[in-house]
Amino acid sequence: QVQLVESGGGLVQAGGSLRLSCAASGDIFSRYGMTWFRQAPGKERELVVSISRTSAFIYYADSVRGRFVISKDSPGNTVFLQMNNLKPEDTAVYFCSASLGVHGPMDPSEAVYWGQGTQVTVSS
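What comes next concerns the included structure. (Residues numbered from 1 in each chain as written. Predicted model: local features only at pLDDT ≥ 70, side-chain atom pairs only at ≥ 80, totals over all residues. Heavy atoms only, no water.)

**So, the nonpolar core**
- Core analysis: the largest hydrophobic core is formed by 31 residues, its most contacted members being Leu4, Met34, Trp36 and Tyr94.
- Secondary structure elements with two or more residues in this core: β3 (18–24), β4 (33–39), β5 (46–51), β7 (68–73), β8 (78–83), β9 (92–99) and β11 (118–123).
- Setting aside residues no more than four positions away along its own chain, Leu4 makes contact with Cys22, Ala23, Ala24, Ile28, Met34, Cys96, Ser97, Ala98, Tyr113, Trp114, Gly115 and Gln116. (Core = buried A, V, L, I, M, F, W, Y, C linked by side-chain atoms within 4.5 Å. Buried < 20%, exposed > 50% of the residue type's maximum accessible area, 1.4 Å probe, protein only. Helix = DSSP H or I, 4+ residues; strand = E, 2+ residues; numbered from the N terminus. Contact = heavy atoms within 4.5 Å.)

**Describing the pairing of β11**
- Going residue by residue along β11, you find Thr118, Val120 and Val122 tucked away on one face and Gln119, Thr121 and Ser123 left uncovered on the opposite face.
- When strand β2 (residues 10–13) meets β11, the two strands line up parallel, connected through four bridges. The partner of Val12 across the bridge, within β11, is Val122.
- Two strands pair when backbone bridges link them, and β9 and β11 are joined in this way by three bridges, in the antiparallel orientation. Directly across from Val93, in β11, lies its bridge partner Gln119. (Pairing = 2+ DSSP bridges.)

**Quick word on the state of the cysteines**
- If you walk through the whole model with that rule in mind, you get one disulfide.
- Linked covalently through their sulfurs, Cys22 and Cys96 form a disulfide whose S-S length is 2.1 Å. Torsion about the S-S bond of the Cys22 and Cys96 cystine: about -75 degrees, corresponding to left-handed handedness. Note that Cys22 is positioned in strand β3 and Cys96 in strand β9, a separation of 74 residues in sequence. Like Cys22, the residue Cys96 is buried in the burial classification. (Disulfide = S-S within 2.5 Å.)

What follows is the structure, encoded as structure tokens:
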């Protein structure tokens with residue numbers, strides 16, 4: 001059973017930065033692609049960024065491209081989301097997920113495992 005645990009969320013002013021972490025149990029990166037989704041109050045869960053098993057393929061949502069960076073620490077089974085130049089519209093609960101493959105715009109229904117989420121709040 002795969003377990004994903006997010007951390008690093010918090011309250012930050014617009015223009016600031018946060019680094020989210022997703023710690024995974026087991027050797028997950030050899031089998032699964034990883035995707036960060038987010039969900040704002042009253043809105044559907046949406047894609048933030050995906051990274052393939054080998055890290056050869058990375059896909060960013062247009063809304064975060066150029067500001068957010070995904071990376072993996074494979075020996076540590078951790079995936080990171082560095083978020084820079086944060087905007088109030090980035091406020092959401094951020095979820096880490098694992099899927100059997102990644103492609104362009106991932107849909108939440110493709111995730112096999114989910115973390116519990118971490119709250120990010122950006123004040124204006």
